[in-house]
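Coordinates in review
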Amino acid sequence: DRSIKIAPSILSADFANFGAEIRAIEAEGADWVHVDVMDGHFVPNLTFGPPAVKAFRPHVKTFMDVHLMIAPVDAYIEAYAEAGADMITAHVEAGPHPHRTLQAIRATGKKAGIALNPGTPVEAAEPLLELCDMVLVMTVNPGFGGQKFIASQLRKIERLRQMIGDREIHIQIDGGCDPLTAPLVAKAGADVLVAGSAVFKGGSVDRPEVYGENIRAI
Ligand code: DX5
Ligand code: ZN
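Residues numbered from 1 in each chain as written. Chains lettered and ligands numbered in written order. Predicted model: local features only at pLDDT ≥ 70, side-chain atom pairs only at ≥ 80, totals over all residues. Heavy atoms only, no water.

Taking an unreviewed UniProt entry as the reference, the protein chain is identified by name as Ribulose-phosphate 3-epimerase belonging to Paracoccus limosus. Regarding the protein chain, the UniProt comment filed under Function (unreviewed entry) reads as follows: "Catalyzes the reversible epimerization of D-ribulose 5-phosphate to D-xylulose 5-phosphate." (UniProt positions renumbered as here; feature names shortened; annotations may be inferred.)

Structure representation (structure tokens):
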């Protein structure tokens, strides 16, 4: 099923109202909820530990897509699975054994994804596809919302779509997705679009209809 899914990133949400924000974006049409976990080591920012993700869980009715921007990553896979993630995506750059990392995610029974930073060649995903439900192509350097889309990644998405062929593996893009860049990445072959600032801008828990307008505009 290659229909386009929108996965708002709660990194751009109101940090004092995560439960209400999650309910609002889902009521306004979000297909997935994208949770950006950052450790202040692999990326220069710090966000949610397993207890926070556990607190988000009861508010998520769609699909909780947990993006681990942490290194080393293997030690935390169990904890994020326990916290209730539906999909756990690790970075191929997080350590020397991404194949084993994906095996560990699969062993928890969760969906498994691998993420590629803008500087990582698409070939890095090739040997891992057999263990992936999704490949995340970063279209910004990870760490923050509101950054500019890196257009050179479009070629990588096209080549990844060729590599995947007719296998049921999602291509997720993440970073700088908005009404201008969304058509480009969809044409290139992405089917899950993460959007933080483009979804949350101008809205609030008191004005959730703006989230719906923003989601439909993507
Ligand atoms: C960046 C995160 C992205 C980010 C997207 O490290 O992985 O998910 O929150 O935010 P926007 O859509 O504003 O670029
Ligand atoms: Zn992300």
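**Some details on the coordination of the zinc ion (ligand 2)**
At 2.0 to 2.3 Å from the zinc ion (ligand 2) lie its protein donor atoms, namely H34 (NE2), D36 (OD), H67 (ND1) and D174 (OD). The coordination sphere of the zinc ion (ligand 2) comprises 6 donor atoms, whose angles at the metal cover 72 to 173 degrees; the geometry is octahedral. For the zinc ion (ligand 2), all donor residues lie on one chain, and their spacing in sequence is H-x1-D-x30-H-x106-D. Of the two residues, D36 is situated in strand β2 (residues 33-38) and H67 in strand β3 (residues 64-69); the sequence distance between them amounts to 31 residues. The buried category is assigned to D36, whose relative accessible area is 4%. (Donors = N, O, S within 2.8 Å, 3.2 Å for Na, K, Ca; no water. Tetrahedral: all angles 85-135°; square planar, octahedral: opposite > 155°, others 65-115°. Helix = DSSP H or I, 4+ residues; strand = E, 2+ residues; numbered from the N terminus. Buried < 20%, exposed > 50% of the residue type's maximum accessible area, 1.4 Å probe, protein only.)

**Overview of the sheet that holds strand β5 (residues 111-116)**
Read from one edge to the other, the open sheet built from 8 strands follows the order β1-β8-β7-β6-β5-β4-β3-β2, with strand pairing classed as parallel. Edge positions in the open sheet fall to β1 (5-8) and β2, since each of these has one partner strand only. The sheet shows a mean angle of 25 degrees between the axes of neighbouring strands, taken without regard to direction. Pairing of β2 with β3 involves 6 bridges; the strand directions are parallel. The partner of V33 across the bridge, within β3, is M64. Here helix α4 (residues 98-107) sits on the sheet in contact with β4 (87-91) and β5, set at roughly 150 degrees to β5. (Pairing = 2+ DSSP bridges. Axes fitted to C-alpha atoms, helices over the stretch in contact; angles between N-to-C directions. Contact = heavy atoms within 4.5 Å.)

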